[in-house]
Amino acid sequence: MHETILHRATFNTLVRPYLVLYVAFFLVLTIVGIPLAVIWVCGVGQWWARHYYDKLECELSTRTLRFRKGILFQVEKTIPLENIQDVTFIEGPILRYFHLSMLKFETAGQNAQMASQMQLVGIIDAHAFRQQILAARDQLRHPTLAAPSGDDAQLVALKHIASRLDEIAQLLRERH
């Protein structure tokens, strides 16, 4: 079955300095890592963040959400929309300073390790993308009934059942 791509997310370039400083912060916390933090901020981190940013991808299709991230250890995840329980929008003071936000995807049956891999930082217009994901999920879970096309026996049967239920409801109202 062919899936239609509904939206390809774009990422804010400010993800790069955010990632460099995020890792540097944890290096500085270790005290022993302070010399490594200097090397990280001045060169290695810049290279890593640029390549990490170049590898970021996220696509919403009619049935799945697919994202890819990472350099040495690449994570490519395809989540069926019907398994998505919620998409959490996270925005703290540091993320706001960089004009960034994080989307965290909560799925049915996820474990702690999967949960940490199922988040993306820096999607431009993350609120709108979150709404698109939830709308596509809801559309997949509760498709609207289309107009009958040809011999759609199931649709005809459902309409017949609905009309009978209306008749029964009317009779019950008349009795009381």
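Caption draft 1: Spatial organisation of the confidence of the model for the protein chain. For the protein chain, per-residue confidence averages 87 on the pLDDT scale, and residues scoring 70 or more make up 89% of the total. Taken element by element, the predicted model of the protein chain shows its lowest mean pLDDT in helix 4 (residues 112–117) (58) and its highest in strand 2 (residues 57–61) (95).

Caption draft 2: Region of the structure containing the packing of helix 1 (residues 15–29) against helix 2 (residues 34–55). At their nearest, the axes of helix 1 and helix 2 sit 8 Å apart, and the two run at 150° to each other. In this view, helix 1 runs roughly antiparallel relative to helix 2, as classed from their interaxial angle. Once helix 1 is placed against helix 2, the crossing between them reads as right-handed. Contacts between helix 1 and helix 2 involve V15, R16, L19, V20, V23, A24, L27 and V28 from the former and I34, L36, A37, W40, V41, G45, Q46, W48, A49, R50, Y52 and Y53 from the latter.

Caption draft 3: Inspection of the nonpolar core at higher detail. Counting 31 residues, the largest nonpolar core has C58, L65, F105, L120, I123, F129 and I133 as its most contacted members. Put simply, the parts of the chain that give this core at least two residues each are helix 1, helix 2, strand 2, strand 3 (64–69), strand 5 (84–90), strand 6 (102–107), strand 7 (119–121) and helix 5 (126–141). A per-element tally of this core places helix 5 first, with five residues. Discounting residues that sit within four places of it in the chain, L120 has contacts with F11, L56, C58, F67, K69, S101, M102, L103 and F105.

Caption draft 4: Structural detail: helix 1. Here helix 1 contains 15 residues, and its C-alpha end-to-end distance of 21 Å stays within 8% of the 21 Å for a straight helix at 1.5 Å per residue. For helix 1, the full list of buried residues reads V15, Y18, L19, V20 and A24. Turning to helix 1, the residues buried within the fold contact helix 2, helix 3 (93–97) and strand 7. Phi turns positive, to about 65°, at I31, one or two residues after helix 1.

Caption draft 5: How the structure looks around unusual backbone geometry. Residues other than glycine seldom take positive phi values, yet H99 does so here, at roughly 60°. Residue position: H99 is located in the loop between helix 3 and strand 6. Phi is positive for D125, close to 55°, though the residue is something other than glycine. Here D125 is to be found in the loop between strand 7 and helix 5.

Caption draft 6: Region of interest: helix 5. With 16 residues, helix 5 should cover 22 Å at 1.5 Å per step; its first-to-last C-alpha distance of 22 Å lies within 8% of that length. Taken as a whole, helix 5 has its buried residues at A126, F129, R130, I133, L134, A136 and R137. Buried residues of helix 5, viewed axially, fall in a sector of 160°; they line one side. Contact partners of the buried residues in helix 5: strand 1 (5–8), strand 2, strand 3, strand 5 and strand 6.

Rules behind the numbers
- Residues numbered from 1 in each chain as written.
- Predicted model: local features only at pLDDT ≥ 70, side-chain atom pairs only at ≥ 80, totals over all residues.
- Heavy atoms only, no water.
- pLDDT = per-residue confidence, 0-100.
- Helix = DSSP H or I, 4+ residues; strand = E, 2+ residues; numbered from the N terminus.
- Axes fitted to C-alpha atoms, helices over the stretch in contact; angles between N-to-C directions.
- Parallel < 35°, antiparallel > 145°, perpendicular 65-115°, else oblique.
- Left-handed = near helix turned anticlockwise from the far one by under 90°.
- Contact = heavy atoms within 4.5 Å.
- Core = buried A, V, L, I, M, F, W, Y, C linked by side-chain atoms within 4.5 Å.
- Buried < 20%, exposed > 50% of the residue type's maximum accessible area, 1.4 Å probe, protein only.
- Expected span 1.5 Å × (residues − 1).
- Arc of directions from axis to C-beta.

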